[in-house]
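# Secondary and tertiary structure notes
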Amino acid sequence: MFKHFIAVFGLALCILLAGCGGEAAPPTATTQPTATTLPATSVPTQRPTQTTALVSTVIPTQTPVPVLPTETSVPPTSSPPPPTDTPVPPTETSIPATSTQAPPAIESGGLGSSIQQWESRHGPPGKKAIIGTYYENERYEVVSFDSEPIQMIWVTYGDRNPVSVEDARFESKQLIPKDAKLLKSYKAVGEGGDPTYTVDLYSSASLATVINALPELGLGLDRWKGAAPGTFQITISSYSFLQDKVPSLVIFLGEEEK
């Protein structure tokens, strides 16, 4: 009986000791928290994968925003209209050019050329003469009616500085159209034997074109004095009291018999 009591008491004591601080059995029961740590390790691995996916998708949608240069390109489209306004003035300035009818071109040292061409060679005009204008200290008298091409030229050497007939003829050839062709030359004597005229008669096609382009004189007047269009005459006057030298010559349209 007593042995049975001791056996029961010992069993109870063992149970009591196991409930208060046993070594093997209790640790196995508390090891369950280690099983809960496993999901904790899996959670962080899944969250990074989700954040990376968000980052990759958000960035592409925000980066296309720089397409806004399409809005900045709109101002250049508004600037082209001004160039269309600038070409308009040239069309307006060209209208006066068509209204002013320039005389046909002629290559001439004087007769048939414009006053502007003459003054480019002989300088500005001097005082007015009886029917023309003086140039180079009255050496030349040029006749051009209302800015028409030159139709008459006097060359004056004077009694103090007369020149030979040959020198006068040489200068006269510098004052006529380049396409002039000599028709005839002859001499004539004035009343009383003085002066002696040396006459050279020419024809120029370009001169005929230039002069015929002018309006008619009216009143039955003829610029060619009855001669064929393009005809002009050079008359060189020499005097005996000047030892047959020339104080003057004249170039004019048409023909005058001496």
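Residues numbered from 1 in each chain as written. Predicted model: local features only at pLDDT ≥ 70, side-chain atom pairs only at ≥ 80, totals over all residues. Heavy atoms only, no water.

## Here's the deal with the overall build of the protein
Defined as follows: Numbering of helices and strands runs from the N terminus; a helix is a DSSP stretch of H or I covering at least four residues, while a strand is a stretch of E covering at least two. Only protein chains enter the accessibility calculation, which uses a 1.4 Å probe; a residue whose area is less than 20% of its type maximum is buried, one above 50% is exposed, and one in between is partly exposed. The contact criterion used is simple: two residues touch if any of their non-hydrogen atoms lie within 4.5 Å. Values of accessible area rely on a 1.4 Å probe in the Shrake-Rupley scheme; residue burial ignores everything except the protein chains shown.
Tallying secondary structure elements over the protein gives 10 helices and seven strands in all. With 258 residues in all, the protein has 29% of them scored as buried. Within the protein, residue pairs in contact and separated by at least 24 positions form 55% of the contacts whose partners lie at least 6 positions apart. With the model as given, the accessible surface of the protein reaches about 17400 Å², and the carbon-plus-sulfur share is 63%.

## Here's the deal with the sheet that holds strand 5 (residues 196–203)
The following threshold applies: What makes two strands pair is DSSP finding at least two bridges between them. Only the stretch in contact is used when a helix axis is fitted, and all axes are lines through C-alpha atoms; the angle between N-to-C directions ranges over 0 to 180 degrees.
Strand order in the open sheet formed by seven strands is 1-2-3-7-6-5-4, and the pairing between neighbours is antiparallel. Across the chains shown, the open sheet's two edge strands, defined by having one partner strand only, are strand 1 (133–135) and strand 4 (181–189). Ignoring which end each strand starts from, the neighbouring axes of this sheet average 15° apart. Sheet contacts for helix 8 (residues 115–122): strand 1, strand 2 (140–143) and strand 3 (152–156); angle to strand 2, the most-contacted strand, approximately 165°.

## Focus: the environment of Lys178
The residue Lys178 is located in the loop between helix 9 (165–173) and strand 4 in this model. As for Lys178 and Ser204, which are separated by 26 residues in sequence, their C-alpha atoms are 8.3 Å apart.

## Some remarks on helix 9
Applied cut-off: An arc is given here, and it is the one of the directions from the helix axis to the C-beta atoms.
Restricting attention to buried positions, one finds in helix 9 the residues Val165, Ala168, Glu171 and Ser172. Along the long axis of helix 9, the arc covered by the buried residues comes to 130°, so they all point the same way. Residues of helix 9 that are exposed and angled more than 90 degrees away from the buried face: Glu166 and Phe170. Those residues of helix 9 hidden inside the fold are in contact with strand 2, strand 3, strand 5, strand 6 (231–239) and strand 7 (245–253).

## Side note on the packing of aromatic side chains
Rule in force here: Only Phe, Tyr and Trp rings are paired, with Trp represented by its six-membered ring, and only when their centres lie within 6.5 Å; those with planes under 30 degrees apart are stacked, over 60 edge-to-face, the remainder tilted.
Scanning the model with the defined rule gives four aromatic pairs in all. Centre to centre, the rings of Trp118 and Tyr135 are 6.1 Å apart; their planes meet at 75°, and the pair counts as edge-to-face. Taken together, the positions of Trp118 in helix 8 and Tyr135 in strand 1 put the pair 17 residues apart, joining distant regions of the chain. You can call Trp118 buried: its relative accessible area is 0%.

## Some details on the confidence of the model for the protein
We apply this condition: The quantity known as pLDDT measures the predictor's confidence residue by residue, on a range of 0 to 100.
Taken as a whole, the protein shows an average pLDDT of 76; of its residues, 60% reach a score of 70 or greater. This stretch, residues 1–5, has a pLDDT under 50; its non-local contacts, to residues over four places away or in other chains, come to zero contacts. For residues 14–77, every residue scores under 50 in pLDDT, and the model assigns this stretch four contacts once sequence neighbours within four places are set aside.

## As for the pairing of strand 3
Looking at chain direction, strand 2 and strand 3 are connected through four bridges and run antiparallel. Bridging from a neighbouring strand, Val142 pairs with Ile153 of strand 3. By the bridge criterion, five bridges tie strand 3 to strand 7 in an arrangement that is antiparallel. Paired with Trp154 across the two strands is Val250, which belongs to strand 7.

## Regarding the pattern of salt bridges
Put simply, the rule reads: Counted as salt bridges are all cases of a side-chain nitrogen of Lys or Arg within 4 Å of a carboxyl oxygen of Asp or Glu.
Taken as a whole and judged by the stated rule, the model has seven salt bridges. With its nearest N and O atoms 3.8 Å apart, the salt bridge here joins Lys178 to Glu107. Residue Lys178 is found in the loop between helix 9 and strand 4, and its partner Glu107 is found in the loop between helix 7 (88–99) and helix 8; the two are separated by 71 residues along the sequence. Where Asp200 meets Arg169, a salt bridge forms, and the shortest distance between an N and an O atom there is 2.9 Å. Taken together, the residues span a long stretch of sequence, with Asp200 in strand 5 and Arg169 in helix 9 at a distance of 31 residues. A residue is classified by how much of its surface remains accessible, and Asp200, at 2% relative accessible area, is buried. Each member of the salt-bridge network shares a partner with another, and the members are Lys184, Glu255 and Glu257.

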